[in-house]
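A closer look at the structure
So you can see what is in the structure, the chains are spelled out below.
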Amino acid sequence: MALFSSRREERQDVRKILGFRVTPITWRRVQNFKSNRRGYWSLWIFLFLFIISMFAEFIANDKPLLVRYDGAFYYPVLVAYPETTFGGEFATTADYRDPFVQDLIKDDGWMIWPLIPYSYQTINYDLPSPAPSPPSMDNWLGTDDQARDVAARVIYGFRISVLFGLILTAAASVIGVVSGAVQGYFGGWTDLIFQRFIEIWSSLPLLYLLIIMASVIQPGFWSLLIIMLLFSWMSLVGVVRAEFLRARNFDYIRAARALGQPNRVIMFKHTLPNAMVATITFLPFILNGSITTLTSLDFLGFGMPPGSPSLGELLQQGKSNLQAPWLGFTGFFTIAIMLSLLIFIGEAVRDAFDPRKSASALPVAGANPLQAPQQQSSKATA
């Protein structure tokens, strides 16, 4: 009976997150993250906004989602159809905002438009006042100085900013972790040479390099990402290097060396997990800085190409058109909300990986981890 009860307790201790079995300390970190309600709900709000922006073409577009014409269905948002498909005269791509094309389709069918019938580069030629025009039922957040819908540009600009930040943060983190691991593990001349190189490389003026590049070539998403990556990888080097310098003299690392384990196995299998706690804690703040960098460059005119949906370019238009306050307010509140959500998420991640909270809140064998906080709170009350 004792054997069966112990096995039953072991099965009760097994926890799963999204179908994956996790250790008790991972379970406790997840619970610590959830206990920070502000960070937990900020994560869900940020994911909701990001997922919506990933389907921007289905939310804000100048092409219908679905067209029914002559007994057949067409999907202009996915496929480009010539005007002759709907009885027009030209073989070029149909302009669905053209009243002539709309009348052709309505004569023998119907159309379903997106929620916002404008793309980020669509010019509204039917404005009631000169651009930039104030918010209206047709343009919810008004238009910019080129008669483009601000709401559509915010959705597309949010997606570009987040994707740029995620790609830059992921690539810079990988390079920074590997660099810091090599420095901290080997030490000596390797560490000395790398540190002197980082000091020289970090002293290069990034803004001047971007100005020179903008005068030679037209900056784009990937070219700008590569330039930023050349200088962003150093943010995690110091943290990972310090963790490896501390852990390389641990007994289990020395035992692995004595057993003949290769250096790469010791570095990335035995030592790196200890350094990942501090690394993961910094990631939301690095993502925040990456998004801010792109916004700043767009505001200065050295970022994305002209015409690209950009939050920094929207702020620049608000600065240049003080008579249109909706431009500045929209850009400011969009960036403020996005960065605030990331800050709250970062604080929750920091609390989740706090070793004092994780160690003190670990459940004992056979105990329910969900009851640990209740027991602690009852003790504190007593």
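Above: the structure in question.
So, a few notes on the structure that sits alongside this text. In every chain, residue numbers begin from 1 and rise along the written sequence. Local features in this predicted model are restricted to residues whose pLDDT is 70 or higher, and side-chain atom pairs enter the listing and the counts only when it is 80 or higher, whereas totals over whole chains, interfaces and linings include all residues. Side-chain metrics in this entry use all non-hydrogen atoms of the structure; hydrogen atoms and water are not considered.

Quick look at the packing of helix α2 (residues 24-35) against helix α3 (residues 37-54)
The condition that has to hold: Each axis is a line fitted through C-alpha atoms, and for a helix only the stretch in contact is used; angles between axes span 0 to 180 degrees, taken between their N-to-C directions. The numbering of helices and of strands both runs from the N terminus, where a helix is a DSSP run of H or I of at least 4 residues and a strand a run of E of at least 2. In these notes the angle categories are as follows: under 35 degrees is roughly parallel, over 145 is roughly antiparallel, 65 to 115 is roughly perpendicular, and the rest is oblique. Any two residues having at least one pair of non-hydrogen atoms within 4.5 Å are treated as being in contact.
Look at α2 against α3: their axes get within 5 Å of each other, and the N-to-C directions meet at 90 degrees. Taken as axis vectors, α2 and α3 run roughly perpendicular relative to one another. Along the contact surface, α2 presents F33, K34 and S35, while α3 presents R37, G39, Y40 and L43.

Some details on the sheet that holds strand β4 (residues 72-74)
Threshold: At least two DSSP bridges between two strands are needed for those strands to be called paired.
Sheet architecture is open: three strands sit in the order β4-β3-β5, paired in antiparallel fashion. Where the open sheet ends on each side, the last strands, each with one partner, are β4 and β5 (109-112). Within this sheet the neighbouring strands show an average axis-to-axis angle of 15 degrees, counted without direction. Across three bridges, strand β3 (residues 66-69) lies against β4 in antiparallel orientation. Within the sheet, the bridge partner assigned to Y69 lies in β4 and is A72.

Quick look at the packing of helix α6 (residues 150-186) against helix α7 (residues 188-202)
Inclusion rule: A crossing counts as left-handed when the near helix is turned anticlockwise from the far one by less than a right angle, and as right-handed when that turn is clockwise. Amino acids are sorted into nonpolar (Ala, Val, Leu, Ile, Met, Phe, Trp, Tyr, Cys and Pro), charged (Asp, Glu, Lys and Arg) and polar (every other residue, Gly among them).
Remark: α6 packs on α7, axes separated minimally by 7 Å, with the N-to-C direction vectors making an angle of 140 degrees. On the basis of the axis angle, α6 is oblique to α7. For the pair α6 and α7, the crossing hand works out as left-handed. Of the residues in α7, those touching α6 at S179, V182, Q183 and F186 are G188, T190, D191, F194, Q195 and I198. Among the residues making up the contact of α6 with α7, the classes are represented as four nonpolar, five polar and one charged.

So, the pattern of salt bridges
Once their charged atoms are close, side chains differing in charge can pair, the charge on each being opposite to the other. Going by this rule: By definition here, a salt bridge exists when the distance from a side-chain nitrogen of Lys or Arg to a carboxyl oxygen of Asp or Glu is within 4 Å. Categorising residues by exposure relies on relative accessible area from a 1.4 Å probe, with only protein chains included: less than 20% of the type maximum marks a residue as buried, more than 50% marks it as exposed, and the intermediate range marks it as partly exposed.
This model, assessed by the stated rule, comprises 10 salt bridges. A salt bridge links D144 to R153; the nearest nitrogen and oxygen atoms lie 3.8 Å apart. R153 shares its class with D144; the two are buried. R241 is the salt-bridge partner of D191, the closest N and O atoms lying 2.7 Å from each other. One end of the pair, D191, is in helix α7; the other, R241, is in helix α10 (residues 237-247), and 50 residues separate them in sequence.

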